[in-house]
Amino acid sequence: MKIILLGMNHQSAPVEVRELLAVEDPGPLLRKLVDSEDIEEAAIFSTCNRVEVLVLTRAPESARHRLGVFFNRDLVRQDHRVEFDFEEVTYEYHDSEAVSHVLRVASSLDSMVVGEPQILGQTKEAYRAAVESGSCGPILGRLFQHAFATAKRVKTETRIAERPVSVARVAVDLAKQIFERFDEKRALLIGAGEMGETALRTLRKHGLESIRIANRTPERAAALAAQFGATAHGLDELETLLAEADVVITSIGGDDPILTLDLAKRAMRDRRKRPLFVIDIGVPRNADPAIDAIDNLYRYDLDDLGAVANENAEHRAHEAERGMAIVVEEQQRFDGWFAALRAVPTIRHLRERAEAIRLRELEKTLGRIALAEDQQAAVDALTKAIVNKILHAPVSRLKREAEREEGMAYLQTARVLFELDDELDRE
């Protein structure tokens, strides 16, 4: 069995390529993967900064080919016009490297902003979707549970989450660099999801009082606005709202930009040269990059936020190193468990062979002597105990050795010594 992970993230691809991948409902995609003969288990990570497919397979070469086709045919938008080299913007990990990557992602050590707390919840959501679709079996299920435990250790044993941050909070930090004070500024939040809510909390914390929320679903905007003393609006009011805002944070779903060049031009005409700062944390991007050509309008997307996050990375570098040490330890622990699975067929076959011999010899003996029912039961229990004691040492050794790279030699030797590959018992 092999574990393979194929993915694309903020480190491997720019936002204009990442936004081409859309996973709205992972269920049908996961079922399509495991319905193939070469993939036994599968899960999909999909966040604003990464899309990754994790699979368990007994046919690694054909599974790798299927994953490549799956990415290009089922995940990448077919109407895209962006030219890119698939191999250059993706990465592929096998076995231990794949396990290490999953543990790093869950522990927020591979995030654009190291220590970002939302990523663990997103990992749990990926696990839940895989379980509900029936694509997550015992192996990947064990890996996810191990990842959750690793993330908990990193959080409790390091100070990486002492001052939690997120992409949304980096966006607000960028706005703070632009505006000395927030108390006289007006903010517009487009979208009412988790990222936007985090940004809203941070804006309010730093003194910004005038906040408006625009969303496709007015009820959701109203519910969020009620929590923060903001006002709720529909997307049909965007032109007016843009004309009156100083900073815009947008994070709303959809394939096409909601802040188009024409809309931005109309809004800027009413602003009378007052600058407008747009922070786009949507994937796909919510603001058309063409608006960069408009005077006094300044747009930042996720890649720009990543540059800001990199500037702050040194502050968390030491704690990240401690977190990586935990990841290495937990990865080795999982690798040992995964490797030990190689011994399962041999051990099961050995026990079955021993039990077949025991039953055959027991039947011969009981056929030659007359014993009462309780005496027969006693002899049966005695022979079981003898077999178990004889097998205990070799079975334990096989389990231990299977965790080592050279363990296959022990498994093969056991199969030869006990003639486990022979169809007939020569005795």
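Up top you'll find the structure we're talking about.
The following paragraphs examine the structure supplied in this document. (Residues numbered from 1 in each chain as written. Predicted model: local features only at pLDDT ≥ 70, side-chain atom pairs only at ≥ 80, totals over all residues. Heavy atoms only, no water.)

### Considerations on a negative patch on the surface
Step number 1: Taken together, the side chains of Glu 24, Asp 25, Asp 255 and Asp 256 present a region of like negative charge at the surface.
Step number 2: Structurally, Asp 255 can be placed in the loop between β8 (247–250) and α12 (261–269). (Patch = residues over 30% accessible without salt bridge, like charges linked within 9 Å, V, L, I, M, F, W, Y side chains within 5 Å. Areas by Shrake-Rupley, 256 points an atom, 1.4 Å probe, with all protein chains shown as cover. Salt bridge = Lys/Arg side-chain N within 4 Å of Asp/Glu carboxyl O. Lys, Arg positive; Asp, Glu negative; His and termini not counted. Charge placed at Lys NZ, Arg CZ, Asp CG, Glu CD. Helix = DSSP H or I, 4+ residues; strand = E, 2+ residues; numbered from the N terminus.)

### Some words on the pairing of strand β7 (residues 231–234)
Step number 1: Sheet topology places strand β6 (residues 210–215) next to β7; four bridges connect them, and they run parallel. Directly across from Ile 213, in β7, lies its bridge partner Ala 232.
Step number 2: Handedness of the crossover joining β6 and β7 through helix α10 (residues 218–228): right-handed. (Pairing = 2+ DSSP bridges. Right-handed = clockwise from strand over helix to strand, strands pointing away.)

### Points about the sheet that holds β6
Step number 1: One open sheet accounts for six strands, arranged β7-β6-β5-β8-β9-β10; its pairing is parallel. Only two strands of the sheet have a single partner each, and these edge strands are β7 and β10 (297–300). For this sheet, the mean inter-axis angle between neighbouring strands, taken without regard to orientation, is 20°.
Step number 2: Its contacts with the sheet place α10 against β5 (186–190), β6 and β7, and it is angled at close to 155° to β6. (Axes fitted to C-alpha atoms, helices over the stretch in contact; angles between N-to-C directions. Contact = heavy atoms within 4.5 Å.)

### Some details on the packing of helix α5 (residues 95–106) against helix α7 (residues 138–157)
Step number 1: At a closest axis distance of 8 Å, the pairing of α5 and α7 adopts a crossing angle of 45°. Judged by the angle between their axes, α5 and α7 are oblique. When you trace α5 past α7, the crossing you get is right-handed. In this structure, α5 contributes Val 99, Val 102, Leu 103 and Ala 106 to the contact, and α7 contributes Leu 143, His 146, Ala 147, Thr 150 and Ala 151. (Parallel < 35°, antiparallel > 145°, perpendicular 65-115°, else oblique. Left-handed = near helix turned anticlockwise from the far one by under 90°.)

### A few points about α7
Step number 1: The terminal C-alpha atoms of α7, which comprises 20 residues, lie 28 Å apart, in line with the 28 Å expected from a rise of 1.5 Å per residue.
Step number 2: Inspection of α7 places Ile 139, Leu 140, Gly 141, Leu 143, Phe 144, His 146, Ala 147, Phe 148, Thr 150, Ala 151, Arg 153 and Val 154 among the buried residues, and these make up the whole buried set. (Expected span 1.5 Å × (residues − 1). Buried < 20%, exposed > 50% of the residue type's maximum accessible area, 1.4 Å probe, protein only.)

### Description of the environment of Leu 200
Step number 1: Relative to the elements of secondary structure, Leu 200 occurs in helix α9 (residues 194–205).
Step number 2: By relative accessible area, which is 1% here, Leu 200 ends up buried.
Step number 3: Here the alpha-carbon distance between Leu 200 and Leu 189, two residues eleven residues apart in the chain, equals 7.6 Å.
Step number 4: Setting aside residues no more than four positions away along its own chain, Leu 200 makes contact with Leu 189, Ile 211, Ile 213, Leu 224 and Phe 228.

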